[in-house]
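Read off the chains here:
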Amino acid sequence: MTPKYIFVVGGVMSSVGKGVASASIGKILQSRGYKVANIKCDMYVNIDAGTIRPAEHGEVFVGEDGVEADQDLGNYERFTDQVCTRDNYVTTGQVYQEVIKRERNLEYKGEDVEVVPDIPNEIIRRIKACQKKNQSEITIVEFGGTVGEYQLLLFLEAARMLKWKEPKNVFFILVSYLPTPSLLGEQKSKPTQYAVRTLNSAGISPDFILCRADRPVSDSIKNTISTVCSLDKERIISAPDVYSIYDVLINFEEENLGSIILKAIGLKTKKKDLIDWNKFSNKVKNIKEEVTIGIVGKYFNFKSCRDTYISVIESINHSAWWHNRKPNIVWLDSEKYENNPEELKELDKMDGIIVPGGFGKRGTEGMIMAADYAFQKKIPYFGLCLGMQIMTIAFARRILNTKDANSTELAPNTKNPVISTMEEQKKLIKEKSYGGTMRLGACPAKLKEKSLSCKAYGVKEISERHRHRYEFNNDYREILEKNGLRIAGVNPERNLVEIVEAENHPWMVGVQFHPEFKSRPLEPHPLFKDFIKASIKKQKA
Ligand code: GLN
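Residues numbered from 1 in each chain as written. Predicted model: local features only at pLDDT ≥ 70, side-chain atom pairs only at ≥ 80, totals over all residues. Heavy atoms only, no water.

## Quick look at the sheet that holds strand 20 (residues 496–502)
- Ordered in space as 11-10-12-13-21-20-19-16-17, the nine strands form an open sheet in which the pairing is mixed. Two strands close off the open sheet at either side, each with one partner strand: strand 11 (326–333) and strand 17 (461–468). On average, adjacent strands in this sheet sit at an angle of 25° to one another, irrespective of strand direction.
- Two elements, strand 10 (residues 290–297) and strand 12 (residues 352–355), share three bridges in a ladder whose sense is parallel. Counted as the bridge partner of Gly294 is Ile353 from strand 12.
- In the packing of helix 20 (residues 526–540) onto the sheet, the strands contacted are strand 10, strand 12, strand 13 (381–384) and strand 21 (508–511), and the crossing angle to strand 10 comes to about 115°. (Pairing = 2+ DSSP bridges. Helix = DSSP H or I, 4+ residues; strand = E, 2+ residues; numbered from the N terminus. Axes fitted to C-alpha atoms, helices over the stretch in contact; angles between N-to-C directions. Contact = heavy atoms within 4.5 Å.)

What follows is the structure in structure tokens.
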């Protein structure tokens, strides 16, 4: 079959759920029997998301191959369960870097290298390479940003050129926003009409419009958009806010989006397979009892906590729902414990706490205090990457009886570097070679048989995704192990400690990796599942 491409672009404003919409469309088409791949194109000049501040741009999602990508790749994986790699992620920086490299290698054979068509051609080449690698029948390409933004133009130009070459294989979905100004109490479609006009000026007409709004889109609005934008009414899809992001695709299917898209692109439904997803969605809506999980972190800009910690949040959700609990996530800013230790008492109200990943010193003393408090008060604790290092430091301070125990990232001159700089990182840090140079992507670990983790995973060997520069210092392994810190997982190739567990505590586990990237709604991550189970147990006690 000739591969088909669906481009997803945003209208009116950003953050209206283009990523979830793209992931949902991927899942819908997959459930109807097609092999899909999702691609995210980001407009920034950064080569990847690894150097971008999380509080501003959201989580850095790590792929199996170690790509540091936009958080939307996480949405794609959670919905379609298809592994994403660097092929699924394109940025302006990558595109220019490749074109310039080729120019330096004389690959343009003496021709001028032009912004158009050479840049759009490289964008197309990358999209096609991803299609080929994944052997996808339908490839969904999401463009970051919103139509009308200058930096989007070259990507739109690439899509237009591809449509011109392959008119029967290329389609466009506009994800737009329809506001209801509170003074009027009436939904407005004009901004969407302008967005369509702007898209038209790039030589593109949308084949579908997904109308994001706080409410369903009325028939009369659909009529207006249909007339003004020359689109059949059935191709204007209502996409109101829903209970959970996993309901988005159920909502789309209620409007029959799968059939409408397949008909438009000239394909047939081969099967229908959303029974488990529907069951899951119904179950989630009927859950009453809560489990309260505190996230002790520092990247809190209270508008976007969700974006910053999206995979952690979703992993909590998946596991809480699995155990028939409604997740109640509480944001706990670690810096306040440093200013007033009395504040730590709020942790008593948590059923479990998580210290997620992070970089740099700010807030880490408060995290160490929280880890120590969780140990003493037997509150379930789950440390993710930095959270594992924090847990190790908290233990070392107690066992070695010195406040000096630390990580060389947080206190370069510490005399007790229980977390130290990985050997290969020393040179990189000196050269300020930061981009894409951490220990990244999937690495194996062997688990200790009598450990909480081994029981939770149900296997002795695992593979998880990493993103860190600092590691557990093996010089301290013996003394810490002798004094109650169980080394539950070790990387067999490099003898790196991957998992630590507290003896004499119901559930205190720190992992050097990021399990949150591998949790799926219908298949929660085993460690998160076990952590929530322990949290429910604490709640009952
Ligand atoms: N800053 C720590 C390190 O680089 C932890 C990284 C993380 O949490 N992802 O090792």
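## Points about the packing of aromatic side chains
- Enumeration over the complete set of coordinates arrives at 18 aromatic pairs.
- Residues Phe7 and Phe172 carry aromatic rings whose centres are separated by 5.5 Å and whose planes lie at 25° to one another, so their mutual orientation is stacked. Separated by 165 residues along the polypeptide, Phe7 in strand 1 (residues 4–10) and Phe172 in strand 7 (residues 170–177) bring together distant segments of the chain.
- The class of Phe7 is buried, set by a relative accessible area of 1%.
- Residue classification places Phe172 among the buried residues on the basis of a relative accessible area of 2%.
- For the ring pair Phe61 and Phe517, a centre distance of 4.9 Å and an interplane angle of 70° mean the geometry is edge-to-face. Separated by 456 residues along the polypeptide, Phe61 in strand 3 (residues 61–62) and Phe517 in the loop between strand 21 and helix 20 bring together distant segments of the chain.
- You can call Phe61 buried: its relative accessible area is 0%.
- Classification of Phe517 by relative accessible area gives buried; the value is 3%.
- Above the plane of the ring of Phe171 lies Lys163, whose end atom (NZ or CZ) is 5.1 Å from the centre.
- A cation over an aromatic ring shows up here: Arg235 above the ring of Phe208, its NZ or CZ 5.2 Å from the ring centre. (Phe/Tyr/Trp six-rings, centres within 6.5 Å; stacked < 30°, edge-to-face > 60°. Buried < 20%, exposed > 50% of the residue type's maximum accessible area, 1.4 Å probe, protein only. Lys NZ or Arg CZ within 6 Å of the ring centre and 35° of its normal.)

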